[in-house]
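Commentary on secondary and tertiary structure
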Amino acid sequence: MALFGTLNTGASGLTATSTAMSVIGDNIANINTTGFKGSRADFASMIPNSIGGLGGAQQLGTGTGLSQVRAMFGQGSLQQTGSALDMAVTGNGFFQVNDGDQSYYTRDGSFYMDNAGYVTNAAGLRVQGYSALDDGTIIPRGGDLQIDTGQAPSQATSEVTFDLTLKNLDTSDFDTQLSSGGLTLDGNTVTLADVDDANGNIWATSSTIYDDAGNAHEVTFLFEQESDTTVTYKAVVDGAEMGQTEGFLYEIGEGSVTLTDGAVSASEFQITASDTFAYTTSAPEFSVLLGKDVNGDDTDGGVLIADENSVTSLSQDGYAIGEVTGIEVDDEGIITANYTNGEEKVLGQVVLATFDSQAGLRRLGGNLFSSSYASGDPAIGTPGSGTRGNLQGFALEGSNVELEHEFVKMIQSQRSYQANARVISTASDTLQELVNLL
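Quick caveat, the model's predicted, so the values are computed rather than measured.

1. Focus on the overall build of the chain
Scanning the chain from N- to C-terminus turns up 3 helices and 30 strands. The buried share among the 438 residues of the chain stands at 40%. Long-range contacts, defined as pairs at least 24 residues apart, comprise 62% of the intrachain contacts of the chain with a sequence gap of at least 6.

2. Observations concerning the nonpolar core
Nonpolar side chains in soluble globular proteins tend to be buried together. M87, F95, F111, I327, I335, V350 and L391 are the most contacted members of the largest nonpolar core, which has 24 residues in total. Counting residues per element, the ones that place at least two in this core are β6 (87-90), β7 (94-98), β22 (324-329), β23 (334-339) and β24 (344-350). Setting aside residues up to four positions removed in sequence, I335 forms contacts with L145, I147, I327, E328, V329, K345, V346, L347, G348 and V350.

3. Notes on the layout of surface pockets
Of the voids in this model, the largest pocket is the one considered here, and its volume is about 220 Å³. Lining of the largest pocket is provided by N27, G38, S39, R40, M72, Q75, N400, V401, E402, H405, E406 and K409. The leading source of residues in the lining of the largest pocket is helix α3 (residues 403-437), at 3 residues. For the lining of the largest pocket, the class distribution of residues is 2 nonpolar, 6 polar and 4 charged.

4. Some words on the packing of aromatic side chains
If you walk through the whole model with that rule in mind, you get 9 aromatic pairs. Residues F73 and F369 carry aromatic rings whose centres are separated by 5.5 Å and whose planes lie at 50° to one another, so their mutual orientation is tilted. A residue pair is termed long-range when its members are at least 10 positions apart, and F73 in the loop between β4 (64-71) and β5 (78-80) and F369 in strand β27 (residues 369-370) qualify at 296 residues. A residue is classified by how much of its surface remains accessible, and F369, at 4% relative accessible area, is buried. An aromatic cluster of three or more residues is present, and its members are F73, F94, Y105, F355 and F369. Sitting over the face of the ring of Y118, R126 holds its NZ or CZ atom 3.6 Å from the ring centroid.

5. Re a nonpolar patch on the surface
A grouping of F43, L66 and V69 is seen on the molecular surface, where their side chains present a nonpolar patch of about 250 Å² in accessible area. Looking at the element boundaries, V69 is found in strand β4.

6. A few points about α3
Helix length check: α3 (35 residues) gives 51 Å between terminal C-alpha atoms against 51 Å at 1.5 Å per residue, within 8%. Listed as buried for α3 are E406, S413, N420, A427 and L431.

7. Description of a negative patch on the surface
Together, E328, D330, D331, E332 and E344 give the surface a local cluster of negative charge. Locating D331 in the fold gives a position in the loop between β22 and β23. Under the relative-accessibility criterion, D331 is labelled partly exposed at 42%.

8. Some points on the side chain of S12
Along the chain, S12 falls in helix α1 (residues 2-29). Here S12 falls in the buried class, since its relative accessible area comes to 12%. Here T64 takes part through its backbone nitrogen, which lies 3.1 Å from a polar atom of the side chain of S12. Apart from the residues lying within four places of it in its own chain, the contact partners of S12 are T62, G63 and T64.

9. Structural notes on the pairing of strand β20 (residues 285-290)
Put simply, side chains in a regular strand alternate between the two faces of the sheet. The buried fraction of β20 is high, at 5 of 6 residues. Bridge count for strand β13 (residues 159-165) against β20 is 4 bridges, and the pairing is parallel. Across the sheet, V160 pairs through a bridge with V288, a residue of β20.

10. A few points about the environment of N400
Tracing the chain through its elements places N400 in the loop between β30 (395-397) and α3. What N400 contacts, discounting residues up to four positions off in sequence, is F36, K37, G38, M72, F73, G74, Q75 and G76. Polar side-chain contacts of N400 include one of 2.8 Å to the backbone nitrogen of G38. At 3.1 Å, the side chain of N400 forms a polar contact with the backbone oxygen of G74.

11. Re the pattern of salt bridges
Counted by the stated rule, this structure contains 8 salt bridges. Where D42 meets R70, a salt bridge forms, and the shortest distance between an N and an O atom there is 3.8 Å. Taken together, the positions of D42 in strand β1 (residues 39-45) and R70 in strand β4 put the pair 28 residues apart, joining distant regions of the chain. What makes R70 partly exposed here is its relative accessible area of 32%. Through salt bridges with shared partners, a single network forms among K37, R107 and E397.

About the thresholds
- Residues numbered from 1 in each chain as written.
- Predicted model: local features only at pLDDT ≥ 70, side-chain atom pairs only at ≥ 80, totals over all residues.
- Heavy atoms only, no water.
- Helix = DSSP H or I, 4+ residues; strand = E, 2+ residues; numbered from the N terminus.
- Buried < 20%, exposed > 50% of the residue type's maximum accessible area, 1.4 Å probe, protein only.
- Contact = heavy atoms within 4.5 Å.
- Core = buried A, V, L, I, M, F, W, Y, C linked by side-chain atoms within 4.5 Å.
- 1 Å grid on protein atoms, 1.4 Å probe; cavity = no way out; pocket = protein on both sides within 12 Å on 5 of 7 lines; lining within 4 Å.
- Points joined across faces, edges and corners; volume = space filled by probe spheres on them.
- Nonpolar A, V, L, I, M, F, W, Y, C, P; charged D, E, K, R; others polar.
- Phe/Tyr/Trp six-rings, centres within 6.5 Å; stacked < 30°, edge-to-face > 60°.
- Lys NZ or Arg CZ within 6 Å of the ring centre and 35° of its normal.
- Patch = residues over 30% accessible without salt bridge, like charges linked within 9 Å, V, L, I, M, F, W, Y side chains within 5 Å.
- Areas by Shrake-Rupley, 256 points an atom, 1.4 Å probe, with all protein chains shown as cover.
- Salt bridge = Lys/Arg side-chain N within 4 Å of Asp/Glu carboxyl O.
- Expected span 1.5 Å × (residues − 1).
- Lys, Arg positive; Asp, Glu negative; His and termini not counted.
- Charge placed at Lys NZ, Arg CZ, Asp CG, Glu CD.
- Polar contact = N/O pair within 3.5 Å; in protein donor to acceptor, adjacent residues only side chain to side chain.
- Pairing = 2+ DSSP bridges.

Purely geometric stuff here, so don't read any function into it on its own.
Pasting the structure below:
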């Protein structure tokens, strides 16, 4: 009887709208869930019944049924955070995490570092990525991402580079205070004040250098012009640095500079002390570059300017042991540590997974997805490569659910439910009338 079919049709409508309300309720419940992707219930008409009619065979609809609950992978809004390991994907791609046996995929980038240095999510699943060598070179071999936030090793100074201007003395002012032994720099006879009083013809400037243990030492360079074409210099330290008398100067090396057409010829001199610094096992050894840059190329430094001695630039390549002051993640997923000694070091790189059909991913609990036959296998690569999106550090991706749209769909589902219930009620009343006629 057609009226009984109408009851079933109305019941299918009630079931469909109940399912739609469940999906809407789940979306609203997860509106504050990090990286959540809202779902949409899709419905399809049921197989119709064939009935006879005056015009021949006809088809009569029998209601609706659930076709699929589809995850909507639109971009969620970004929320700034204070954690360096909070990451948000902007664009296509998923973080890959692993429990040791199986890989999962997520847009929730709220990660932490465990006591073994592995980057994990709140459930302890390890983030997948590329590791880095001690020199910061990325190894493009996937695995559990482990980062080392321990101390950065020190580096002994190997080069000290000056760009100078030197005072141009008259011939009558030339003396040999340093070269003739007038000032004996042996750690117990001459102070820096004595050098300052040496007729004003000796100019001093200093640089910090680091030994092989990462200890800092102050080295003073004493410059003296001996002739129209020659400037000599000595590298000295406080005597206490060499186990000598504190406050007196101790020479660790010397060199000379040739003046050509009013400029210092590009020159490099090796300083090798005969004695070690106190409490270290090796003597200081480094190059002094005058009129060269850190790459050893000629510069415009070292030009003689009358009545002026000055350093226009100074650099050295050593540094002390460093402690981590913070880490950061760039848009390519590269994790970099910053240290107290001013150095930076690449610790690793996060990877992203993409799929031929992300709509085919299976939704799991805990903000996770798993691959399926419908999604295809994951394609793993670095952020920004191929069709993969970029990463943003100190940020999380919020839910992509828009509350106002969910409320509109909720009202539509509510009215649909009421209408289907009315269909059933009307069919029931009609059946009651039919029964009363019999």
